[in-house]
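The primary structure of each chain is shown beneath.
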Amino acid sequence: LTLVYGDFVTGDMDLGVTSSGTISTLNNFAVAGSSTFTGASVFSSTVSVTGDATFDGSLDVNGIANLNSDLYVSQSSILGGTLDVSGAVSLSSDLSVSGTTTLGNSNIGGTFTASGLSTFSSAVDINSSADISESLTLSNESGTSLIVAADAEVGGNLSLGSISNVESTINSNT
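Predicted model only: the values in this text are computed from it and were never measured. (Residues numbered from 1 in each chain as written. Predicted model: local features only at pLDDT ≥ 70, side-chain atom pairs only at ≥ 80, totals over all residues. Heavy atoms only, no water.)

A. Looking closely at the overall build of the protein chain. When you go through the protein chain residue by residue, the secondary structure sums to one helix and two strands. Its helices and strands in sequence order give the protein chain the pattern β-β-α, from N to C terminus. Computed over the C-alpha atoms, the radius of gyration of the protein chain is 36 Å, more than 25% above the 16 Å expected from 2.2 N^0.38 for a compact globule of 174 residues. Dimensions along the principal axes, computed over C-alpha positions, put the protein chain at roughly 125 × 30 × 25 Å. Each of the 174 residues in the protein chain was classed as buried or not, and the buried ones make up 1%. Accessible surface computed for the protein chain: about 18,100 Å², of which carbon and sulfur atoms make up 49%. (Helix = DSSP H or I, 4+ residues; strand = E, 2+ residues; numbered from the N terminus. Rg over C-alpha atoms; globule rule 2.2 N^0.38 Å. Buried < 20%, exposed > 50% of the residue type's maximum accessible area, 1.4 Å probe, protein only. Areas by Shrake-Rupley, 256 points an atom, 1.4 Å probe, with all protein chains shown as cover.)

Laid out in structure tokens, this is it:
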């Protein structure tokens, strides 16, 4: 029974027999050229690759994958769990979120558009002018609801309680 056969001049060699069986190496096994495995391969310890590795099919990792360098993904990605990021995140396109989003301190460098109701559960500090195209309702349960710390200009009619025309009432009292 011949286990090694082939062309010793060209180096095309076959090891084993055509029936099923196991070939074991009792020492280190080094391959100096390309290797092709046509069946399933099982490695029961560490696999070390010193060059690039190319996979033409799916890669299934059942444990933790530790990457010590950058990860480049050129197609869409689906994550089935939580994504934890410990450093800064830079996005060069739109961000679409279909669920609730909770942000800590946030800086928005461009336009912010909210198409639904926006609820702020704490104070809102606006350091520039505000353009409100509809009504402004202040509904404080007690205390002062509106404090104007500088001049105020009203372009339409001003009503105060039961006084519907404040300007004529003030002018008639002079």
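There's plenty left to go through after this.
B. A nonpolar patch on the surface, seen in detail. On the surface, Leu79, Leu83, Val85, Val89, Leu91, Leu95 and Val97 cluster together to form a nonpolar patch covering roughly 730 Å² of accessible area. Here Leu79 is to be found in the loop between strand E2 (12–15) and helix H1 (166–172). (Patch = residues over 30% accessible without salt bridge, like charges linked within 9 Å, V, L, I, M, F, W, Y side chains within 5 Å. Salt bridge = Lys/Arg side-chain N within 4 Å of Asp/Glu carboxyl O.)

C. Structural view of the pairing of E2. Here strand E1 (residues 4–7) runs beside E2; their pairing, made up of four bridges, is antiparallel. Counterpart to Val4 in the pairing with E2 is Leu15. Hairpin connection, E1 to E2: the antiparallel pair is bridged by four residues, and Gly11 has positive phi, about 90°. (Pairing = 2+ DSSP bridges.)

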